[in-house]
Amino acid sequence: MRYKLLGKSGLRVSELCLGTMTFGEDWGWGAPQDTSRQIFDAFVEAGGNFIDTANLYTNGSSEKIVGEFIGAERDRFVLATKYSLTGQWQGENNPNGSGNHRKNMMRSIEGSLKRLNTDYVDMLWLHAWDFTTPVEEVMRAFDDLVRQGKVMYIGISDTPAWIVSQANTLAQAHGWAQFIALQIEYSLIERTPERDLLPMANAFNLAVTPWSPLAGGVLSGKYSTQSNGNDKSTSRGQEIPERSLKIAQTVGEIAQELERSSAQIALAWIRAQSPQMIPILGATKLEQLQDNLKCLEVKLSPEHLQRLDRASQIELGFPHDFLSSEMVRGNLFGSTYDSMDLPSQPLAIG
């Protein structure tokens, strides 16, 4: 395992992150504590130091389990947790029991620190944007926690690009702590972040930690276009679109050619998109994590990357397709476009 700086910071993290939403069985699924320990130990033995949890996960059990695992070696790990989505298990009738506001942020971090049995977290993520709390309130409250030493760095998850841009610009103007990382759903099946979120992350030098990099298991090879109708749904009963199955089929074909697992190919594709990409690995079995870790051994050829891109490409839509049209380019650059040395395409993170 190699290490990299997390976005615009000096924080050194492993090139893969261990997601612990599966630690605990409170939700009726997930890994029991002994299996979670095996998964954690395998990640650490491979050189991993970046651990991701949330106060929401398994009703707080994930944080408790992680806190026990890191134990006396607390400073060895880069520990990230989240706040925002806690209303249902802490009393859904409490209007302030969840959300992005200062009251919930301050209450949530105190609860997380207690469950994690630590004095500080290395990263506090805003878990999801609530569209009600002023950006100024969020960023000032984050800065207060950083100044208090309870939080070292801040990140943001599942939020529109224009809000993240506004937040970091505001924080920069006031000298407040800025987001250094962005957590989003991103995979060969979910590439819509390429429209705005990833170019925005590039502009602000944010690390990107994709969740569900295997699209809920669809890219792991569990499903096939040849399966009967009953097999074309996930364990949660969601029907898998034909497009997703075809993408998974292309992944499987390349996996066979390279004698690798489909999961390793899908993870290698994400890592190839940018050095700022740090996929979050989640597992309920030790064998799953061990297989996923081997993505570090995979290097996809340009031909493989092109095949995967063709199979999964999306329309960027307006204004991106409009601005890249020959008509607009001609009016912006005249006949000189092809003879100009221009910056790399903004879709690339690094």
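Residues numbered from 1 in each chain as written. Predicted model: local features only at pLDDT ≥ 70, side-chain atom pairs only at ≥ 80, totals over all residues. Heavy atoms only, no water.

Colleague: I would appreciate a short explanation of the sheet that holds strand β3 (residues 17–19) in the present structure.
Modeller: Taken in spatial order, the 8 strands line up as β9-β8-β7-β6-β5-β4-β3-β10 in an open sheet, and their pairing is parallel. Edge positions in the sheet fall to β9 (207–211) and β10 (280–281), since each has one partner strand and no second. Pairing of β3 with strand β4 (residues 50–52) involves 2 bridges; the strand directions are parallel. Bridge assignment links leucine 18 to a residue of β4, and that residue is isoleucine 51. (Pairing = 2+ DSSP bridges. Helix = DSSP H or I, 4+ residues; strand = E, 2+ residues; numbered from the N terminus.)

Colleague: Even after reading the chapter, I still don't get the pairing of β9, so can you show me in this structure?
Modeller: On a regular strand, one side chain projects to one face of the sheet and the next to the other, so that they alternate. Burial analysis of β9 places 4 of its 5 residues in the buried class, the great majority of the element. The parallel pair strand β8 (residues 179–185) and β9 is bridged by helix α6 (residues 197–204), and the resulting crossover is right-handed. (Buried < 20%, exposed > 50% of the residue type's maximum accessible area, 1.4 Å probe, protein only. Right-handed = clockwise from strand over helix to strand, strands pointing away.)

Colleague: Would you mind going over the pattern of salt bridges with me for this structure?
Modeller: Opposite charge on two side chains permits pairing when their charged atoms draw close. All chains considered together, the criterion is met by 16 salt bridges. In this structure, the salt-bridge partner of arginine 37 is aspartate 41, at a minimum N-O distance of 3.1 Å. With a gap of 4 residues between them, arginine 37 and aspartate 41 both fall in helix α1 (residues 33–45), about one helical turn apart. Accessibility expressed as a relative area gives 31% for arginine 37, which makes it partly exposed. If you follow the salt bridges from partner to partner, you end up with Glu253, Glu257, Glu303 and Arg307 in one network. (Salt bridge = Lys/Arg side-chain N within 4 Å of Asp/Glu carboxyl O.)

Colleague: Is there a simple way to think about the nonpolar core in this case?
Modeller: Side chains that are nonpolar tend, in soluble globular proteins, to be buried together. Residues Met139, Phe142 and Leu219 are the most contacted members of the largest nonpolar core, which totals 83 residues. Examining the composition of this core, we find that 7 residues originate from one element, helix α8 (residues 262–273), more than from any other. The contact partners of leucine 219, leaving out residues within four places of it in the chain, are Ser187, Leu188, Ile189, Pro213, Leu214, Ile247, Ala248, Val251, Ser262, Ala263 and Ala266. Counting 14 residues, the second largest nonpolar core, distinct from the first, contains Leu11, Ala80, Ile278 and Ile280. (Core = buried A, V, L, I, M, F, W, Y, C linked by side-chain atoms within 4.5 Å. Contact = heavy atoms within 4.5 Å.)

Colleague: I tried to follow the side chain of threonine 53 on my own but got confused; where do I start?
Modeller: Structurally, threonine 53 is set in the loop between β4 and α2 (61–70). According to the relative accessible area criterion, threonine 53 is buried, its value standing at 0%. Those residues in contact with threonine 53 that lie beyond four places of it in its chain are Thr20, Ser62, Glu63, Ala80, Thr81, Lys82 and Leu116.

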